[in-house]
Amino acid sequence: MLMRCPTRTRTVFLMFGSFLLLYHIVLRWRPNFRQQAAIWRLSLANQSCSNADPHLQNMCAQVEFWRFLASCLDANPPGVASPVRKANAEAVSFDAEKSQRPEVLEMPEQDVATMRRAHSRFVQAIEGGFHSIVYTHSTKGFVSTAGGFYFPILMTSLRMLRRTGATLPMEVFLELNSEYESFICEHMLPSLNARCIILSEILEAIPYQLPISHYQLKVFAMAFSSFEEVLFLDADAFPIYDPTRLFNFEPFKSTGLVTWPDFWGPTQSSLFYSVTSQAVPPATNHASTESGEILLSKKKQNKTLILAMYYNYYGPNHFYPLLSQGVAGEGDKETFLAAAHTLHQPYYATRKPVKAIGNFQKGQFAGSAMVQYDPFEENLMKVQPLVRTENALSIPPPRALFVHVNFPKFDPAKIFTYNGIIKFENGTFRRAWGEPLVDFEYDVEEAYWREMNVVSCTMEGKTQGWRGIDHICANATRYYNSVFGAQSAELGSIR
Ligand SMILES: *[C@@H]1O[C@H](CO)[C@@H](O)[C@H](O)[C@H]1NC(C)=O
Ligand SMILES: *[C@@H]1O[C@H](CO)[C@@H](O)[C@H](O)[C@H]1NC(C)=O
Ligand SMILES: *[C@@H]1O[C@H](CO)[C@@H](O)[C@H](O)[C@H]1NC(C)=O
């Protein structure tokens, strides 16, 4: 490969590199690394990249892309200490008229300058001859991440997705080989047109310096999926009706990047804009991002995706704090729009605010899920009419499209220990999402528990995440019958 990444002088890089390597070996050495490498050889190299299997072909091509990307990431580290947080930033609701950014980070001028040089070298590499991003042309699909106790949660979400009639394939990324479960990966997921991809098989095919886990996995899952256009869904997020049409209409058609809002106002520190050599945009533009769902064209937004990987690779110590300043949910969430913004790429941040649903406990509202809205209708409103023509009036209000069951996770092996959510104080089972009433097109909560019930009864005793836990199926069934009793007669007949 002739392509090269701009770097600092070789010596500095080698010094820093050896430091990172040492850090990696001393602090991050995972005892199962060798074992993973062995499985990697078995599952990929031995089958060889000349194997005709398209999935294996994708993985082989992704490894080549990653080889280039990793060298470029490692060659351009921030090279300075993390920013220091001198106070806790408060989570303040977004207000399109009054929102202001928190400013609680401190970083010496000199460090900002050092980071700016590294960032600008990486951006130059993206604008120059970078290795192209890998995908199968003209394909669309869903991408998620799971493993361990996230598997049953994902299975419920995936069943909700399939019951909307959505048929596009899903690729489910597992961080490690040890999370592979044959019952799920070879049986349950394929029956719903989904399959497992082990991220470490791609990542660890070549050496790289920093650990990649937790929030960082999402952007790598999107990049290493085989699809050209991706709807990423967190394992605990599902659509209320078929989201496939999002791919074919505005605002995605022209932008190639659509995100959904969080509750809070923008949280980027002005230091982020200083590091990335940009003017600080108005804090009233749009709310912060809630990255439970992301719609992305890898073709149109190829550069954005690569820069987002830089922001995530150097996320935990640098870009996550610069972008979120410790506000609730700090992680990958702001990295996608930040990358698009830095590279002057178009994007659409859905404006209709996220809505919390939950119930009242001891007189206090307790949210347990978030509702996100369809950007299609609000985009029509924007492009058509400030003048209230007949036509404009006929545009329906945005429909509730996604539910993100973020806290607590509705894991039927654990949810019965969060009493307030599913039980009154006197112990009677209750609905979790009774308040406020959202204009769902059907009883989404009933459907969710129905699918959770099927998942509980199919997976109990068969999945690592639930090892040693019994009565999952019995408890979920008891709950369903008690709360949704009228419909319970149908339970026996579902797939
Ligand atoms: C991104 O796509 C454009 C248009 O196809 C191409 O010219 C450019 O080289 C690509 N850049 C990267 C970094 O892949
Ligand atoms: C099932 O319900 C019983 C009785 O409420 C409870 O003690 C037990 O912890 C529950 N088990 C699970 C897995 O939720
Ligand atoms: C438990 O409390 C709820 C809410 O206050 C009430 O509607 C229900 O009837 C009570 N159940 C019993 C068995 O007392």
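The preceding data block contains the structure.
About the criteria used
Residues numbered from 1 in each chain as written. Chains lettered and ligands numbered in written order. Predicted model: local features only at pLDDT ≥ 70, side-chain atom pairs only at ≥ 80, totals over all residues. Heavy atoms only, no water. Near = heavy atom within 4 Å. Polar contact = N/O pair within 3.5 Å; in protein donor to acceptor, adjacent residues only side chain to side chain. Areas by Shrake-Rupley, 256 points an atom, 1.4 Å probe, with all protein chains shown as cover. Buried < 20%, exposed > 50% of the residue type's maximum accessible area, 1.4 Å probe, protein only. Helix = DSSP H or I, 4+ residues; strand = E, 2+ residues; numbered from the N terminus. Pairing = 2+ DSSP bridges. 1 Å grid on protein atoms, 1.4 Å probe; cavity = no way out; pocket = protein on both sides within 12 Å on 5 of 7 lines; lining within 4 Å. Points joined across faces, edges and corners; volume = space filled by probe spheres on them. Nonpolar A, V, L, I, M, F, W, Y, C, P; charged D, E, K, R; others polar.

(A) Summary view of the site of ligand 3. Lining the immediate surroundings of ligand 3 are Phe 424, Asn 426 and Thr 428. Thr 428 places a polar side-chain atom, nitrogen or oxygen, 3.1 Å from a nitrogen atom of ligand 3. In isolation ligand 3 exposes 370 Å². Once the protein is present, 31% of that is buried.

(B) Representation of the pairing of strand E9 (residues 289-297) in the model. Burial of E9 is extensive: 9 of the 9 residues sit out of reach of the surface. Across 5 bridges, the pairing between strand E6 (residues 229-233) and E9 is antiparallel. Paired with Glu 229 across the strands is Ser 297, a residue of E9. Summarising the sheet, strand E8 (residues 257-261) and E9 pair through 4 bridges and their orientation is antiparallel.

(C) The arrangement of empty space enclosed by the protein in detail. Scanning all chains against the criterion turns up 4 cavities of 30 Å³ or more. When its volume is computed, the largest cavity comes out at roughly 160 Å³. Looking at the largest cavity, it is lined by 16 residues, and the ones nearest its centre are Gln 268, Tyr 273, Pro 281, His 286 and Tyr 347. Within the residue set of the lining of the largest cavity, elements represented by two or more residues are helix H10 (270-275) and helix H13 (335-342).

(D) Geometry of the site of ligand 2. Near ligand 2, the surroundings consist of Ala 413, Phe 416, Ile 469, Asp 470, Asn 475 and Arg 478. Between ligand 2 and the protein, one listed contact pairs an oxygen atom with a side-chain N or O atom of Asn 475 at 2.4 Å. Calculation on ligand 2 without its partners gives an accessible area of 360 Å², and the protein chains cover 55% of this total. Taken together, the residues of the shell around ligand 2 sort by class into 3 nonpolar, 1 polar and 2 charged.

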